[in-house]
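A look at the structure
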Amino acid sequence: MKPFRFCISVVLCACAALFCHSCDRAGFIPADTDEIIVEGWIEEGQFPIVMLTRSLPVRLKDQEVNLNRISDYVVLWAKVTVSNGSDSVLLTGKVDNGYLPSFIYTTSDTGFKGEAGRTYTLRVETDGKTLTSSTTIPLYPPAVDSVVCTSLPTDTSSAVTVYVSNIPDRKEYYKVFFRQGSDRKQFSSAYLGIVDDALADSAIVIPVFKSVKDDNKEDQSRFFPNDTLVSIKVSAIGKESYDFWFSYSNNSSFGSLSNLLFGSSFRDIPTNITGGRGYWFGYNSFVRTFHVRPGTFPGNR
């Protein structure tokens, strides 16, 4: 997921030339602290994934910080444990270039693939600190009717829209992610891709927009290039997860770092991590992979 790294985004948000100097003087940027940042999730039928980084807020005067050395902020030797209420598993840290940063904690224990409706507790121990969190995987995946690609007449890209049925008497929250190409495992957060079904009638229409990448100034489009291999993921999430992603979505609207968590604003974002920052969430997801071209792709209905 993420597609979006906490440590890098925390650094970058403080370095944004537009806000940093004036906001620092006005007292909006909090005091520098060194915190452990968790980005973790467990999905129905999938193994848990946890990434740990160390935050390093800086000011413009801190020129010695090299933002290109992502590995400087990765926590490599933590003890990471996941419990399902009856058993526990110690996650193994390993290099995996399908993620950014390319070091994750996970397991291959089949007993710890995510199960819908089950609650999972995360415990992280490192540098004398203990971080804890718990999350429950939603019972049902989104009821997706179809994924539709519509060609843009003035471009070589297509707009992608997901149609989801609204299930009566079931309160639903959704988060949308995307992934381009075949060399990545991690999904990135879709721009403004957070949905509450409160105002929906029978169908929920979700436009899928790419997040803009600040490290690739030549690709600033919100749409998907034709013939590109794309995976769209729509995840059923809990209220706590919705509040987090809603806040992140609002913050990302104020800056260009929309593909990085905490990178678009100095304002606070909720966390469900005790003893640190970040998130540990359960997802029940629908995923559709296709080459972008005008047409309709089936859902899971």
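Everything in this summary refers to the structure shown in the same document. (Residues numbered from 1 in each chain as written. Predicted model: local features only at pLDDT ≥ 70, side-chain atom pairs only at ≥ 80, totals over all residues. Heavy atoms only, no water.)

1. Quick notes on the overall build of the protein
Scanning the protein from terminus to terminus reveals three helices and 16 strands. The burial tally for the protein puts 51% of its 301 residues in the buried class. (Helix = DSSP H or I, 4+ residues; strand = E, 2+ residues; numbered from the N terminus. Buried < 20%, exposed > 50% of the residue type's maximum accessible area, 1.4 Å probe, protein only.)

2. Observations concerning unusual backbone geometry
For the bond from Leu100 to Pro101, the omega torsion is -5°, close enough to zero to count as cis. Position of Pro101 relative to the elements: it lies in the loop between strand 4 (88–95) and strand 5 (103–106). Of note, Asp127 is a non-glycine position whose phi angle comes to about 55°, a positive value. Along the chain, Asp127 falls in the loop between strand 6 (119–126) and strand 7 (129–136).

3. Remarks on the packing of aromatic side chains
In this structure the tally under the stated criterion is 14 aromatic pairs. A ring pair is formed by Trp245 and Tyr248, whose centres lie 5.5 Å apart and whose planes are at 80°; its orientation type is edge-to-face. Residue Trp245 and its partner Tyr248 are both found in helix 3 (residues 239–252); the two are separated by three residues, about one turn of the helix. Each of the two residues, Trp245 as well as Tyr248, counts as buried. Within the aromatic cluster, the residues linked to one another by ring pairs are Phe177, Phe244, Trp245, Tyr248, Tyr279, Phe281 and Tyr283. The positively charged end of Arg222 is found above the aromatic ring belonging to Tyr191, 3.6 Å away from the centroid. The ring centre of Phe177 lies 5.2 Å from the NZ or CZ of Lys233, which sits over that ring. (Phe/Tyr/Trp six-rings, centres within 6.5 Å; stacked < 30°, edge-to-face > 60°. Lys NZ or Arg CZ within 6 Å of the ring centre and 35° of its normal.)

4. Brief notes about the environment of Val208
With respect to the helices and strands, Val208 occurs in strand 12 (residues 203–208). We classify Val208 as buried; its relative accessible area is 1%. Linking Val208 and Phe178, residues 30 residues apart in sequence, is a C-alpha distance of 8.1 Å. For Val208, the contacting residues outside a window of four places in its chain are Val160, Val162, Val176, Ala190, Arg222, Phe224 and Ile232. (Contact = heavy atoms within 4.5 Å.)

5. Observations concerning the nonpolar core
In terms of nonpolar packing, the biggest core is built from 23 residues, with Val147, Val160, Val162, Val208, Phe224, Ile232 and Phe290 touching the most fellow members. Considering each element in turn, this core owes the most residues, four residues, to strand 14 (residues 229–237). Counting residues in hydrophobic clusters, the runner-up holds 22 residues, among them Ala78, Phe112, Tyr120 and Val124. (Core = buried A, V, L, I, M, F, W, Y, C linked by side-chain atoms within 4.5 Å.)

6. So, the side chain of Asn284
Here Asn284 is to be found in strand 15 (residues 277–291). The class of Asn284 is buried, set by a relative accessible area of 4%. Side-chain polar atoms of Asn284 contact the backbone oxygen of Pro138, separated by 3.0 Å. A distance of 3.4 Å separates the side chain of Asn284 from the backbone oxygen of Leu139, its partner in a polar contact. Contacts of Asn284, omitting those with residues within four sequence positions, involve Glu44, Ala116, Ile137, Pro138, Leu139, Tyr140, Pro141, Pro142, Val234, Ser235 and Ala236. (Polar contact = N/O pair within 3.5 Å; in protein donor to acceptor, adjacent residues only side chain to side chain.)

7. Considering the pattern of salt bridges
In this structure the tally under the stated criterion is 10 salt bridges. For the salt bridge of Arg170 with Glu172, the shortest nitrogen-to-oxygen distance reads 3.4 Å. When the shortest N-O distance is used, the salt bridge between Asp196 and Lys171 registers 2.5 Å. Of this pair, Asp196 sits in strand 11 (residues 188–196) while Lys171 sits in the loop between strand 9 (157–165) and strand 10 (173–180); the two residues are 25 residues apart in sequence, bridging distant segments of the chain. On the basis of relative accessible area, Lys171 is assigned to the partly exposed category, the value being 45%. In this structure, a network of salt bridges that share partners links the residues Lys171, Asp196 and Asp197. (Salt bridge = Lys/Arg side-chain N within 4 Å of Asp/Glu carboxyl O.)

8. Considerations on the pairing of strand 3 (residues 79–83)
For a regular strand, side-chain orientation follows a simple rule: the groups alternate between the two sheet faces. Across five bridges, strand 3 lies against strand 6 in antiparallel orientation. Along strand 6, the bridge assignment pairs Lys79 with Glu125. Following strand 3, the chain reverses through four residues before pairing antiparallel with strand 4; Gly85 in that reversal takes a positive phi of roughly 100°. (Pairing = 2+ DSSP bridges.)

9. A word on the side chain of Asn84
Tracing the backbone through its elements, the reader meets Asn84 in the loop between strand 3 and strand 4. For Asn84, the side chain forms a polar contact with the main-chain nitrogen of Asp87, separated by 2.8 Å. Residues in contact with Asn84, not counting those within four places in the same chain, are Gly111, Phe112, Arg118, Thr119 and Tyr120.

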